[in-house]
Structures are given as structure tokens and as C-alpha cells.
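Architecture at a glance
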Amino acid sequence: MERRDFVSNIGLTLALVCTAGLAACSKGGSNDPDPTPPGGGNAKLTLNLGSDLTNVGDFRISNGVIIIRTGSGNTAAAFTALSSTCTHQGCTVATFNNSSKLIECNAPCGHGSRYTTTGSVNTGPATAALTAYTIKVDGNVLSVS
């Protein structure tokens, strides 16, 4: 193999590895197979509370939002909606731990940042809070904007 071809192959290999590495730790891992919010308009997320998030502690990660039922009743105060993008490495947060009441970013990045249901950092390495969104409830329809 000529030196020119060898250098070209190394450059291509590095480009592929870097691209795969960035994709693995950037806004991936959505829990929703269809991240397009139903209902149109400017809502980031719209849910039917008759069938979704029916119990305290239920959560959904979709379209860049994690929404958690934190209380009973179908009022905006019974939910929290935050950006699902971890402020440390840009991963999608993995889960809401109902027993600790913390949002955890433990996969795919594996760094272990945790956030409260208000979005503030509980455990680093993240240092910035998750962005909070506005919640509106009209009957059984919840929308996040």
C-alpha cells in the first residue's frame, strides 16, 4: 500500500469513528418510537391523560422532553416537563427513578448525573439545570410548550 493510500484510509477511519462516537452521545435514546408530537401547533408534546401518565411517578421521554406525573389530578401542577437533554454531555436522560424522585442520566453516556423534578442538578458531573417547559391541561389533553 502506498503512503498516500494509507494516510487516506486512516483519515476515513478516524472520520467514521468520530461520527459514530458523536452520534452515540448526542440526543439519542428517545423512549418514543414516534417523536413527532401529536396535535400540531407549537406544542413540543401532547398527551391524552385518559391513557397516558395515569399514575404518580409515570414518565415519558419524547421529542426532547421528559414529562413526569408528580401528583394526582389532571392539573398542570400535577406534572413537570423538562428538557430531556443532559446538560453535561448532551445525552438523552435515561429514566425517572420514582423511589429517589430523581431524573437519571446513566445511559448511554454512563456518567451518572441526576436532576430533581424541578430540573436542578442533584448529582454531577452536570453543573447546569435542565430547562423547564410550560404545561397546560385542558380536560384530558396535556400539552407542553
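The text that follows walks through the structure, step by step, so that each part is easy to find. Because the structure is a prediction, the values reported are computed rather than measured.

What counts, and at which threshold
- Residues numbered from 1 in each chain as written.
- Predicted model: local features only at pLDDT ≥ 70, side-chain atom pairs only at ≥ 80, totals over all residues.
- Heavy atoms only, no water.
- Helix = DSSP H or I, 4+ residues; strand = E, 2+ residues; numbered from the N terminus.
- Buried < 20%, exposed > 50% of the residue type's maximum accessible area, 1.4 Å probe, protein only.
- Polar contact = N/O pair within 3.5 Å; in protein donor to acceptor, adjacent residues only side chain to side chain.
- Contact = heavy atoms within 4.5 Å.
- Core = buried A, V, L, I, M, F, W, Y, C linked by side-chain atoms within 4.5 Å.
- Pairing = 2+ DSSP bridges.
- Axes fitted to C-alpha atoms, helices over the stretch in contact; angles between N-to-C directions.
- Disulfide = S-S within 2.5 Å.

Within the fold, Ser83 resides in strand E4 (residues 79–83). Judged by relative accessible area, Ser83 falls into the buried class, the value being 10%. One polar contact links the side chain of Ser83 to the main-chain amide nitrogen of Thr85, over a distance of 3.2 Å. The residues contacting Ser83, other than those within four sequence positions of it, are Gly64, Ile66, Leu130, Thr131 and Tyr133.

Okay, the nonpolar core next. Counting residues in hydrophobic clusters, the biggest one holds 13 residues, and the most contacted among them are Ile66, Val93, Ile103 and Tyr115. In this structure, Leu47, Leu49, Ile135 and Leu142 belong to the second largest nonpolar core, which totals 12 residues.

Let us look at the sheet that holds strand E5 (residues 95–97). As summarised here, the arrangement of the 4 strands in space is E5-E6-E7-E8, forming an open sheet in which the pairing is antiparallel. The sheet is open, and its two borders are formed by E5 and strand E8 (121–123), each paired with just one other strand. Each strand axis lies, on average, 35° off the axis of its neighbour in the sheet, ignoring direction.

Pairing within the open sheet is antiparallel, and its 3 strands lie in the order E1-E10-E9. Only two strands of the sheet have a single neighbouring strand rather than two, namely strand E1 (45–48) and strand E9 (135–138). Averaged over neighbouring strand pairs, the angle between their axes works out to 15° when direction is ignored. Two strands pair when backbone bridges link them, and E1 and strand E10 (residues 141–144) are joined in this way by 4 bridges, in the antiparallel orientation. In the sheet register, Leu45 faces E10, and the bridge partner there is Val144.

It is worth spelling out the state of the cysteines at this point. Overall, the coordinates contain 0 disulfides when judged by the stated rule. Residue Cys86 stays outside any disulfide, its sulfur separated by 3.8 Å from that of Cys105, the closest cysteine. With relative accessibility at 2%, the residue Cys86 sits in the buried group. Of the residues examined, Cys105 reaches a relative accessible area of 1% and is grouped as buried.

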